[in-house]
Amino acid sequence: MSSLVEKAKNAAIGVALTKALQYLDKDPETNIPKVMNLVDKVVPDGWYVSQRNAFRNVIEEKGNWYQLMLRVWELDPGVRNAFFKNFIVNASLSGSAVQEEIMEKEGCNVPWAILLDPTSACNLHCTGCWAAEYGNRLNLSFEELDSIVTQGKALGTYMYIFTGGEPLVRKKDIIALCEKHSDCEFLSFTNGTLIDEEFCKEMLRVKNFVPAISLEGFETANDGRRGNGVYDKVRNAMRLLKEHKLPFGISACYTSQNYKDLTSEEFFDMIIDAGALFIWFFHYMPVGNGAATDLLPKPDQRAEVYQRIREFRGTKAIFSMDFQNDAEYVGGCIAGGRRYLHINARGDVEPCVFIHYSNTNIRESSLLDALKSPLFMAYHDGQPFNDNMLRPCPMLENPEKLRAMVKDSNAKSTDYESPEDVDTLCDRCVPYAQNWKPEAEQIWEKTLEAKKD
């Protein structure tokens, strides 16, 4: 009965969103303040009350979130409407209801999003990049990518994110996948150097592809890690995307060396002015035998990142997410299929894009079987890995957890260039975990107190 109610609620909100989009398209700036009245007429009393109130407050206050809404309405209408349908209705409403049903039936995690590596090849070689450890000879065929998406949709998963390697090395296959699965939303982490006029036109045609461009700060910091001239190529890519009214965001890996630039007001203003609608912050992970541990942020540096991002959420018209510090909003680690999983270019199904161990391959098992494999069930049974939401990761902050899961499940390293023993990786993380713990406990205690108040 509960699943039927959820489906009815999702259908109602889907209808409301469709009507709201049609209404807003006529005159967004005039009609945005009136849109919640329209939603209230379609959605019964008592349904999604907190979410509706949150949107109503955003509209009434006309602050930075309201300005972000106006920026979204500057996008190409077809692309914008496809995003709302695929991301909100298909992935977050209808899809989530199916995921819940299957999780209850099968007793395993089912992901909201699947990360895929179409290729291990890349046109750059960035310092400290974990993707480089796969080498440049591995690829998932179009047929394999298509099969994964088809299987995922049967589980209720409509969000797919390309990683690599550099995904846009496979431009034609990616566009073909977007075209075939027009009911899904596709996002790609990319260095941005392969985005050109022709590709922008293809994005406008398929309407359901969004790039997240990697940027390490301003020119000196970015090119110091990614190579001379890359910053200028990225700025040109952002210019093209903005001119074509296409959505895009920024992917920023913060380290001990660039964290101040990435969390500066100047940087936020620069990417907003360039047209970015979102920014995802990722903590540097010491993965691989060549990991540069000196890039790991010190406790006070990570704490500063935590504070700065939260400050800008109240003042800047951009959606920002801090992958390592925002676990409180999602109940801890989201890997292992709980919210997402990763399939590398060799087909290994990994619990996380940063955890390079696996005991199953998509070429040898179904997606559902992979989710029920020993390593994924260890994630399912062990989450959350820590009650302190600032220590969510089983590798970086709780290395003893990853060590045990990999050994108990007989998972193998997926680093085929230089296999890394789990003890070597976890030993490398122990000092960081110990140093971060006191700072994390202090911040988390203040957070809990604030919530009580």
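Residues numbered from 1 in each chain as written. Predicted model: local features only at pLDDT ≥ 70, side-chain atom pairs only at ≥ 80, totals over all residues. Heavy atoms only, no water.

1. Considerations on the sheet that holds strand S9 (residues 349-350)
Link 1 in the chain: Pairing in this open sheet of nine strands is mixed, and the strands run S7-S6-S5-S4-S3-S2-S1-S8-S9 from one edge to the other. Both edges of this open sheet fall to strand S7 (319-322) and S9, since each of them pairs with a single strand only.
Link 2 in the chain: Taken together, the four bridges between strand S1 (residues 113-116) and strand S2 (residues 159-162) define a ladder with parallel strand orientation. By the bridge assignment, leucine 116 is partnered in S2 with phenylalanine 162. (Pairing = 2+ DSSP bridges. Helix = DSSP H or I, 4+ residues; strand = E, 2+ residues; numbered from the N terminus.)

2. Some details on helix H18 (residues 422-452)
Link 1 in the chain: The first and last C-alpha atoms of H18 sit only 39 Å apart over 31 residues, clearly below the 45 Å expected at 1.5 Å per residue.
Link 2 in the chain: At lysine 437, H18 is deflected by roughly 35°, the largest bend along its length, and proline proline 438 occurs up to four residues later in sequence.
Link 3 in the chain: Among the residues of H18, Val422, Leu425, Cys426, Arg428, Cys429, Tyr432, Ala433, Trp436, Ala440, Ile443, Trp444 and Thr447 are the ones counted as buried.
Link 4 in the chain: Among the structural elements, strand S6 (278-283), helix H14 (299-313), strand S10 (357-358) and helix H17 (399-409) are those in contact with the buried residues of H18. (Expected span 1.5 Å × (residues − 1). Bend = angle between axes of the 7 residues up to and from the residue. Buried < 20%, exposed > 50% of the residue type's maximum accessible area, 1.4 Å probe, protein only. Contact = heavy atoms within 4.5 Å.)

3. Quick word on the state of the cysteines
Link 1 in the chain: Inspection of the entire model under this criterion finds zero disulfides.
Link 2 in the chain: There is no disulfide at cysteine 333, and the cysteine sulfur nearest it, in cysteine 393, is 6.2 Å away.
Link 3 in the chain: The thiol sulfur of cysteine 426 is not disulfide-bonded, and the nearest other cysteine sulfur, from cysteine 429, lies at 6.2 Å.
Link 4 in the chain: Accessibility expressed as a relative area gives 0% for cysteine 426, which makes it buried. (Disulfide = S-S within 2.5 Å.)

4. Brief notes about the packing of aromatic side chains
Link 1 in the chain: Counting across every chain of the model gives 20 aromatic pairs.
Link 2 in the chain: Relative to phenylalanine 84, the ring of tryptophan 73 has its centre 5.6 Å away and its plane inclined at 45°; by these criteria the two rings are tilted. One end of the pair, tryptophan 73, is in the loop between helix H5 (64-72) and helix H6 (77-106); the other, phenylalanine 84, is in helix H6, with eleven residues separating them in the sequence. As far as the burial class goes, tryptophan 73 and phenylalanine 84 line up, both buried.
Link 3 in the chain: Between phenylalanine 278 and tryptophan 280, the ring centres sit 5.7 Å apart and the planes meet at 50°, which makes this aromatic pair tilted.
Link 4 in the chain: The class for tryptophan 280 is buried, based on a relative accessible area of 17%.
Link 5 in the chain: Each member of the aromatic cluster is reached from another via a ring pair, and the members are Phe189, Phe278, Trp280, Phe282, Phe323, Tyr340 and Phe354.
Link 6 in the chain: We note lysine 62 situated over the ring of tyrosine 66; from NZ or CZ to the ring centre the distance is 5.2 Å.
Link 7 in the chain: Sitting over the face of the ring of tyrosine 416, arginine 346 holds its NZ or CZ atom 3.9 Å from the ring centroid. (Phe/Tyr/Trp six-rings, centres within 6.5 Å; stacked < 30°, edge-to-face > 60°. Lys NZ or Arg CZ within 6 Å of the ring centre and 35° of its normal.)

5. Notes on the domain arrangement of the protein
Link 1 in the chain: According to the domain assignment, the protein contains domain 1 (1-62) and domain 2 (88-452).
Link 2 in the chain: On a C-alpha basis, the centroid separation for the pair domain 1 and domain 2 is 30 Å. (Domains from an automatic or database assignment.)

6. Comments concerning the packing of helix H11 (residues 230-243) against helix H13 (residues 265-274)
Link 1 in the chain: Between H11 and H13, the least distance of the axes is 9 Å, while the angle of their chain directions is 45°. Relative to H13, H11 is oriented oblique. Across from Tyr231, Arg235, Met238 and Lys242 in H11, the residues of H13 making contact are Met270, Asp273 and Ala274.
Link 2 in the chain: By residue class, the composition of the contact of H11 with H13 is four nonpolar, no polar and three charged. (Axes fitted to C-alpha atoms, helices over the stretch in contact; angles between N-to-C directions. Parallel < 35°, antiparallel > 145°, perpendicular 65-115°, else oblique. Nonpolar A, V, L, I, M, F, W, Y, C, P; charged D, E, K, R; others polar.)

7. Some remarks on the pattern of salt bridges
Once the charged atoms of two side chains with opposite charge are near each other, the side chains can pair.
Link 1 in the chain: Tallied over the full model, the rule gives 23 salt bridges.
Link 2 in the chain: The salt bridge partner of glutamate 202 is arginine 205, with a shortest N-O separation of 3.0 Å. With glutamate 202 and arginine 205 both in helix H9 (residues 197-206) and three residues apart, this pair spans about one turn of that helix.
Link 3 in the chain: For arginine 302, the salt bridge is made with glutamate 397, and the minimal N-O distance between the two is 2.7 Å. Highlighted residues: arginine 302 in helix H14 and glutamate 397 in the loop between helix H16 (374-382) and H17, separated in sequence by 95 residues. In this pair, the class of arginine 302 matches that of glutamate 397, namely buried.
Link 4 in the chain: Through salt bridges with shared partners, a single network forms among Arg310, Arg313, Asp326, Glu328 and Lys451. (Salt bridge = Lys/Arg side-chain N within 4 Å of Asp/Glu carboxyl O.)

8. Overview of the packing of helix H8 (residues 171-180) against H9
When two helices pack together, their arrangement is given by the angle between the helix axes and by the axis-to-axis distance.
Link 1 in the chain: In contact at an axis separation of 10 Å, H8 and H9 are set at 15° when each is read in the N-to-C sense. Relative to H9, H8 is oriented roughly parallel. Seen from above, H8 lies across H9 with left-handed handedness. For the pair formed by H8 and H9, the contact residues are Lys171, Ile175, Cys178 and Glu179 on the first element and Phe199, Glu202, Met203, Arg205 and Val206 on the second.
Link 2 in the chain: Residues belonging to the contact of H8 with H9 are distributed by class as follows: five nonpolar, no polar and four charged. (Left-handed = near helix turned anticlockwise from the far one by under 90°.)

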